[in-house]
Amino acid sequence: MSIPVLKFDAVIVGAGGAGLRSAIQLSEAGLKTAVLSKVFPTRSHTVAAQGGVAASLGNSEEDHWHWHMYDTVKGSDWLGDQDAIEFMVRKANECVVELEHYGMPFDRTDNGKIYQRPFGGHMSNFGEKPVRRSCAAADRTGHAMLHAMYQRNVKANTQFFVEWMALDLIRDSEGHVLGVTAMEMETGQVVIFHTRATIFATGGAGRIFYSSTNAFINTGDGLGMAARAGIPLEDMEFWQFHPTGVAGAGVLITEGVRGEGGILRNANKERFMERYAPNAKDLASRDVVSRAMTTEINEGRGCGVNKDYVLLDITHLDPNTIMKRLPGIREIGLQFAGVDCIKEPLPVVPTCHYQMGGIPTHYSGRVVTPQNGDYNTIVPGFYAAGECACASVHGANRLGTNSLLDLLVFGKSAGDSAVEDLKAGKAHRELPKDAAEKSLARIAALDSRKGGANVHETRLAMQRTMQNHAGVFRFGDLLKSGVEKILEVEKAARELEIKDKSMAWNTARTEALEMENLIEVAKATMISAEARKESRGAHVRDDAPDTPEFPNGRNDAEWLKHTLFNPVDNSISYKPVNMQPLTVEPIALKTRSY
Amino acid sequence: MERADYERLRWRCIRRALLELDISLTRFLDEDFESLSEEQKQVFVEMADMEDHDLWYLISGQEECTDPRYAPIVALLRKS
């Protein structure tokens, strides 16, 4: 079968913040650049980011990149690579100012500088007191960012392929990456993008969990493609959860609701946070609240028929306060829980929010993989940035507003590295004869299979398994049985059946292809989480509790290392954390407490 | 509405930037879309093209709906 081949210098998969930022570097360097996206670029999930972007501009008060570095290392529970973290925080100011020059409408101070506000975990003078470091554009920071960068790309002649889904990475026998196969949704046509550089910026995969704040688009396509091409995935056990997502829907209920006096209650109407955090109660930190909620549910005090959620009660508040101070909350309750929160409490569960792990990269944006004893062997022609990549700057837990910074800095860095490598004059390498074969076979199997598994049911089985066995608070026995269960789900995911066989706009086929990506991420997460026997950052195990010997359950002697999940044989290996920054002294290990 | 046009619209509703819209619009397509007149269906296609925040603020009542063509559809979106 003859497949059309489109030749570009570079292809970027994903048109969220990281993808658009890297595309600017390539197109402005005069390279022929294609960007593939499942949706129109300004409909990428970056739009949902509201908090802002962290940079130590010092516009509102004294600040320094070294303090930002300290906060990020501490936030990561020392699992972040300190060279990558120094690189990111030192590039922050330049990236924010550039963005402003692209037309980003940042909020401003009276004297015209970029306005900065405080955000959790960002401190001055090495953890002393909160500092104003977040730069925002009202509540539409991510959205405004995408608009500014999209316009810049249009000006630079980036070629967008909108409503296209990338299918598989193309590698030759020496392991070089030569582009991707992709499908145009409007026609169902499969095409080869033959390139000299391939950048993945496909975002996270939060949809592996039953309760997720992520939009439906976050199906881990880049991770799935990387895994199928034999690239290991790093630190996949680390997922950030938010305590209050609407049960069954995942839609985020802002912390402001508890700030205004919202109370968490169990099935006995008890204000259970009084037992877990007698002082802070419902305003305790995210992880404490999430863990308490999970304990209540696990011990049978959850609400509803399945006893699988708790209640967030604001019925004692004045309705006018609710409407004025918490705009949109009543509507969220009505729309997604069928509950009027003025009269009834809202059902909530800890909800997956952000993926810290991903495709292993160097801070230059080049993808690295272990080979012959070198953990960081570059995969030629392959780059990754943003939530799909693991540089690793977030380590075991991400600080708010560092995600937008990540996608700016590493999007740019991946673009710069690709430009540098391409200017070195490498020609297009010859495509293997079977370049599109795997993708075509996957599609043909979906189109012809009879008696296979239903996509919706398989996705649900995966999501429930992940939520119940690898949620915000983890248990050794549940993780063990979770591994068996997810391998069972994987079998179904390899045998999916779709009823609709049409070529054009076949959303059933697209969702089946997404499911094949999700399962790779789910499996990597479960197996990596089962293997890590300590608690660190967002990975908290019941059997690795807080003790004097291991504060917070963290065991640096054994577990200060990155997990590498090998998708070829589901095995785990580890690589050291880089504790050596680029120019300053290492931030020494200590207990993470706020 | 032709199959391809409907499926294109469906994709543009079930893959939004905001989860709130993914859920609301998917539900609307499954439960209420068929009950619209052909003309209203075209109005909905236009609405689905809106920026995510603008559309969500309309559905969640944080912004007033001033376009009389949108009002009945917004009412259905809120209900579904």
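Residues numbered from 1 in each chain as written. Chains lettered and ligands numbered in written order. Predicted model: local features only at pLDDT ≥ 70, side-chain atom pairs only at ≥ 80, totals over all residues. Heavy atoms only, no water.

Here's the deal with the overall build of chain B
Which entries qualify depends on this criterion: The secondary structure listing takes helices from DSSP runs of H or I that are at least 4 residues long and strands from runs of E that are at least 2 residues long, numbered from the N terminus. Here the globule rule is a power law, 2.2 Å times the number of residues to the power 0.38, and the radius of gyration is based on C-alpha atoms. For every residue, the accessible area obtained with a 1.4 Å probe (protein chains only) is divided by the maximum for its type, and the residue is called buried under 20%, exposed over 50%, and partly exposed between those limits.
Across its full length, chain B carries five helices and zero strands. Listing each helix as α and each strand as β along chain B from the N terminus yields α-α-α-α-α. The C-alpha atoms of chain B give 12 Å as radius of gyration, which agrees with the globular expectation for 80 residues (12 Å, within 12%). Oriented by its inertia axes, the alpha-carbon framework of chain B measures out at about 35 × 25 × 20 Å. Buried positions account for 54% of the 80 residues belonging to chain B.

Examining the overall build of chain A
We count it as follows: For this analysis, residues touch if any pair of their heavy atoms sits within 4.5 Å. Calculation of accessible area relied on Shrake-Rupley with a 1.4 Å probe; when residues are assessed, cover is drawn exclusively from the protein chains displayed. In this count, Lys and Arg are taken as positive residues and Asp and Glu as negative ones, while His and the chain termini are left out. All charge positions are set by atom: Lys at NZ, Arg at CZ, Asp at CG, Glu at CD.
Counting secondary structure elements, chain A contains 16 helices and 24 strands. Its C-alpha atoms give chain A a radius of gyration of 23 Å, near enough to 25 Å, the size a compact globule of 594 residues would have. Overall, the C-alpha framework of chain A stretches about 65 × 60 × 50 Å when taken along its three principal axes. Among the 594 residues that make up chain A, the fraction classed as buried is 62%. Taking the contacts inside chain A whose residues are at least 6 apart along the sequence as the reference set, 73% of them involve residues at least 24 apart. On chain A, roughly 21800 Å² of surface is accessible, and the fraction owed to carbon and sulfur atoms is 50%. For chain A, the distance from the average site of its 66 positive side-chain charges to the average site of its 73 negative ones is 2 Å.

Here's the deal with the pairing of strand β15 (residues 310-313) of chain A
Residue and element names in this part refer to chain A. We count it as follows: Two strands pair under a simple rule: DSSP has to find at least two bridges between them.
What you see with β15 is no split at all: Val310 and Leu312 on one side and Leu311 and Asp313 on the other are buried throughout. Where strand β14 (residues 263-265) meets β15, three bridges bridge the pair, whose relative direction is antiparallel. Residue pairing for β15: Ile263 is matched across the bridge by Asp313.

A word on the interface of chain A and chain B
Selection criterion: When two components associate, each loses some accessible surface as probed by a 1.4 Å sphere; the sum of these losses over both components is called the buried area. Salt bridges are defined by distance alone: a side-chain nitrogen of Lys or Arg within 4 Å of a carboxyl oxygen of Asp or Glu. The classification used treats Ala, Val, Leu, Ile, Met, Phe, Trp, Tyr, Cys and Pro as nonpolar, Asp, Glu, Lys and Arg as charged, and all other residues, Gly among them, as polar.
Across the contact, 41 residues belong to chain A and 35 residues belong to chain B. With both chains or domains summed, chain A and chain B bury close to 3000 Å², and 53% of this area falls on carbon and sulfur atoms. At the boundary of chain A and chain B, one finds seven salt bridges. Residue A:Asp500 pairs with B:Arg3 through a salt bridge whose shortest N-O separation is 3.2 Å. Where the side of chain A that touches chain B is concerned, the elements lending two or more residues are α4 (141-155), α10 (329-336) and α15 (507-531) of chain A. Taken together, the residues of the side of chain A that touches chain B break down into 14 nonpolar, 16 polar and 11 charged.

Details of the confidence of the model for chain B
Residues and elements named next belong to chain B. Applied cut-off: Residue-level confidence of the predictor is summarised by pLDDT, bounded by 0 at the bottom and 100 at the top.
On average, residues of chain B score 94 in pLDDT, and 99% of them are at 70 or above. The element-level mean pLDDT for chain B is lowest in helix α5 (residues 71-79), coming to 91, with helix α3 (residues 38-48) highest at 97. The complex prediction reports pTM at 0.96, with the ipTM value standing at 0.97.

Brief notes about helix α1 (residues 17-28) of chain A
Residue and element names in this part refer to chain A. Defined as follows: How far a helix is expected to stretch is found by multiplying one less than its residue total by 1.5 Å.
The first and last C-alpha atoms of α1 sit 17 Å apart over 12 residues, in line with the 16 Å expected at 1.5 Å per residue. Burial analysis of α1 places 11 of its 12 residues in the buried class, the great majority of the element. Turning to α1, its buried residues are Gly17, Ala18, Gly19, Leu20, Arg21, Ser22, Ala23, Ile24, Gln25, Leu26 and Ser27. Of the residues one or two after α1, Gly30 is the one with positive phi, at around 85°.

Observations concerning empty space enclosed by the protein
Residue and element names in this part refer to chain A. Quick note on the threshold: Cavities and pockets are found on a 1 Å grid laid over the protein atoms alone: a cavity is a set of points where a 1.4 Å probe fits but cannot escape, a pocket is an open set with protein on both sides within 12 Å along at least five of seven lines, and a lining residue has an atom within 4 Å of such a point. Grid points are joined across faces, edges and corners, and a volume is the space filled by probe spheres set on the points.
For the coordinates displayed, the defined rule picks out two cavities of 30 Å³ or more. Lining the largest cavity we find 15 residues, and of these Gly386, Ala389, Cys390, Ala391 and Asp406 sit closest to its centre. Counting residues per element, the ones that place at least two in the lining of the largest cavity are β20 (389-390) and α11 (402-423). Of the residues belonging to the lining of the largest cavity, the class tally is eight nonpolar, six polar and one charged. In this structure, the second largest cavity occupies an estimated 50 Å³ of space. Among the elements that make up the lining of the second largest cavity, the one with the highest residue count is α15 (three residues). Across the lining of the second largest cavity, the residue classes tally to five nonpolar, four polar and one charged.

Thoughts on the pattern of salt bridges
Residues and elements named next belong to chain A. All told, the structure shown has 63 salt bridges over all chains when counted by the stated rule. Residue Asp168 pairs with Arg228 through a salt bridge whose shortest N-O separation is 2.9 Å. Residue Asp168 is located in strand β8 (residues 164-171), and its partner Arg228 is located in helix α5 (residues 221-228); the two are separated by 60 residues in the primary sequence. Residue classification places Asp168 among the buried residues on the basis of a relative accessible area of 4%. Since its relative accessible area comes to 21%, Arg228 is described here as partly exposed. Ionic contacts of the salt-bridge type, sharing partners, join the residues Asp77, Glu237, Arg532, Glu534, Arg536, Arg554 and Asp556 into one network.

With respect to the sheet that holds strand β24 (residues 571-576) of chain A
Residue and element names in this part refer to chain A. Our working rule: As a rule, the C-alpha atoms of each element are fitted with a line to give its axis, helices using only the stretch in contact, and angles between N-to-C directions run from 0 to 180 degrees.
Taken in spatial order, the three strands line up as β12-β23-β24 in an open sheet, and their pairing is antiparallel. The sheet is open, and its two borders are formed by β12 (233-234) and β24, each paired with just one other strand. As defined by bridge partners, strand β23 (residues 561-566) adjoins β24 across six bridges and the pair is classed as antiparallel. When the bridges of β24 are listed, His562 appears paired with Lys575. Sitting on the sheet, α15 is in contact with β12, β23 and β24, with an inclination near 135° to β23.

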